[in-house]
Amino acid sequence: MALVKRTNVQFGGILLSLAGWILSCVTTYVPVWKNLNLELNELENWTMGLWQTCVVQDEGPMQCKDFDSFLALSSELKISRILMCLSNGSGMVGLLLSTLGLECVRIGKENQAQKNRLLLFGGIMLWTSGLCALVPVSWVAYETVQEFWDETIPDIVPRWEFGEALFMGWFGGFFLILGGSLIASLYCFARADHAPVYYTTTQQHEKCLHLDSKYPDLTI
């Protein structure tokens, strides 16, 4: 029964982490981190991501333009690019390590302690991936709110608003942290399951030594 529950927790953690990693990857590359609606021209809708700016015209195709230079970007976009790429990379490594540590995977099954360590390291990598995803989307959201309510900017100037990618990034980061926490917690449960066996063996050994000292001619 305990093995079934442990396996269910493993699959639950892997599925949550996989969903979070996919959302994180999509968030990195879609150009909808910010939206800009022009009141003077309601037929155009501008969007911006980490790599390009796009304009969507009514009944027309989306036209995008990549940013000219990485050095010309604001520090907000530079660090967001780096952190999102780190999130995608660490999430992939965490999923690989966690998959190798699953009970149903036969690779390394003869060494259960090693598989438990793989689960721990995989959970830590997934947890790190979630943090790396939450930081940039939260930072961009904070800067967007500050600019939107900036009283020094004239009211006639259009303001950027939250894009769909920010919400995908938040969900992806939380899924990665939750899935990584579930997977890493299995390492502690595995050690707790082995503790009673070790304690019982030690108790029996001490009892045998006591009988040997009390009845030296007794054969056990």
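Values in this document were obtained by computation on a predicted structure and should not be read as measured data.

Points about the overall build of the protein chain
Consideration 1: Counting its regular elements, the protein chain contains four helices and five strands.
Consideration 2: The secondary structure elements of the protein chain, listed N-terminal to C-terminal, are α-β-β-β-β-α-α-β-α.
Consideration 3: Split into buried and exposed, the 220 residues of the protein chain put 34% on the buried side.
Consideration 4: The long-range share in the protein chain, meaning contacts at least 24 apart out of those at least 6 apart in sequence, stands at 64%.

With respect to the state of the cysteines
Consideration 1: This structure, assessed with the given rule, holds one disulfide.
Consideration 2: Here Cys85 stays unpaired: no disulfide links it, and the sulfur of Cys25, its closest cysteine neighbor, is 9.6 Å away.

Considering the side chain of Arg81
Consideration 1: You can see Arg81 is positioned in helix α2 (residues 75–100).
Consideration 2: Buried and unpaired, Arg81 has Asp66 as its nearest opposite-charge partner, separated by 7.5 Å.
Consideration 3: In this structure, Arg81 is in contact with Leu50, Trp51, Phe67, Phe70 and Leu73, ignoring residues within four places of it in sequence.

Structural notes on empty space enclosed by the protein
Consideration 1: Enumeration according to the criterion identifies one cavity of 30 Å³ or more in this entry.
Consideration 2: Space inside the largest cavity adds up to approximately 30 Å³.
Consideration 3: Taken together, Trp33, Lys34, Met48, Gly49, Leu50, Leu77 and Val140 make up the lining of the largest cavity.
Consideration 4: Taken together, the residues that form the lining of the largest cavity break down as five nonpolar, one polar and one charged.

Details of the packing of aromatic side chains
Any pair of aromatic rings gets described here by the distance separating the centres and the angle formed by the planes.
Consideration 1: All told, the structure shown has six aromatic pairs when counted by the stated rule.
Consideration 2: With centroids separated by 5.6 Å and ring planes inclined at 75 degrees, the aromatic side chains of Phe167 and Trp170 adopt a geometry described as edge-to-face. Placement of the pair is Phe167 and Trp170 together in helix α4 (residues 164–214), with a separation of three residues, close to one helical turn.
Consideration 3: In this structure Phe167 comes out as partly exposed when scored by relative accessible area, which is 42%.

Structural notes on the pairing of strand β3 (residues 52–57)
Consideration 1: Both strand β2 (residues 44–48) and β3 contribute to a ladder of five bridges, which runs antiparallel. Pairing of Asn45 across the sheet is with Val56, part of β3.
Consideration 2: The hairpin formed by β2 and β3 contains three residues between the paired strands.
Consideration 3: Bridge count for β3 against strand β4 (residues 62–66) is five bridges, and the pairing is antiparallel. Looking across to β4, one finds that Thr53 is bridged to Lys65.
Consideration 4: Linking β3 back to β4 in an antiparallel pair, the connection comprises four residues, with Glu59 at a positive phi of about 60 degrees.

What about the sheet that holds β4?
Consideration 1: Pairing is antiparallel across the open sheet formed by five strands, whose spatial order is β4-β3-β2-β1-β5. Looking at strand neighbours, the two that pair on one side only are β4 and β5 (161–162), the edges of this open sheet.
Consideration 2: Relative to β2, strand β1 (residues 34–37) runs antiparallel, the two sharing four bridges. Bridge pairing in β2 places Lys34 opposite Met48.

With respect to the UniProt feature "transmembrane region" (unreviewed entry) in the protein chain
Consideration 1: The UniProt record annotates "transmembrane region" (unreviewed entry) at residues 12–32, 79–97, 118–142 and 167–189.
Consideration 2: The span residues 79–97 carries 100% helix and 0% strand; its end-to-end C-alpha distance comes to 27 Å.
Consideration 3: In residues 118–142, helix accounts for 100% and strand for 0%; the two terminal C-alpha atoms are 36 Å from one another.

Observations regarding the pattern of salt bridges
Once their charged atoms are close, side chains differing in charge can pair, the charge on each being opposite to the other.
Consideration 1: Counted by the stated rule, this structure contains two salt bridges.
Consideration 2: When the shortest N-O distance is used, the salt bridge between Lys34 and Glu76 registers 3.7 Å. Residue Lys34 is located in strand β1, and its partner Glu76 is located in helix α2; the two are separated by 42 residues in the primary sequence. The exposure classification of Lys34 matches that of Glu76, with both residues buried.
Consideration 3: Between Lys65 and Asp68 there is a salt bridge whose closest N-O contact spans 2.9 Å. You'll find Lys65 and Asp68 in the same group, each marked exposed.

The rules behind these values
Residues numbered from 1 in each chain as written. Predicted model: local features only at pLDDT ≥ 70, side-chain atom pairs only at ≥ 80, totals over all residues. Heavy atoms only, no water. Helix = DSSP H or I, 4+ residues; strand = E, 2+ residues; numbered from the N terminus. Buried < 20%, exposed > 50% of the residue type's maximum accessible area, 1.4 Å probe, protein only. Contact = heavy atoms within 4.5 Å. Disulfide = S-S within 2.5 Å. Lys, Arg positive; Asp, Glu negative; His and termini not counted. Salt bridge = Lys/Arg side-chain N within 4 Å of Asp/Glu carboxyl O. 1 Å grid on protein atoms, 1.4 Å probe; cavity = no way out; pocket = protein on both sides within 12 Å on 5 of 7 lines; lining within 4 Å. Points joined across faces, edges and corners; volume = space filled by probe spheres on them. Nonpolar A, V, L, I, M, F, W, Y, C, P; charged D, E, K, R; others polar. Phe/Tyr/Trp six-rings, centres within 6.5 Å; stacked < 30°, edge-to-face > 60°. Pairing = 2+ DSSP bridges. UniProt positions renumbered as here; feature names shortened; annotations may be inferred.

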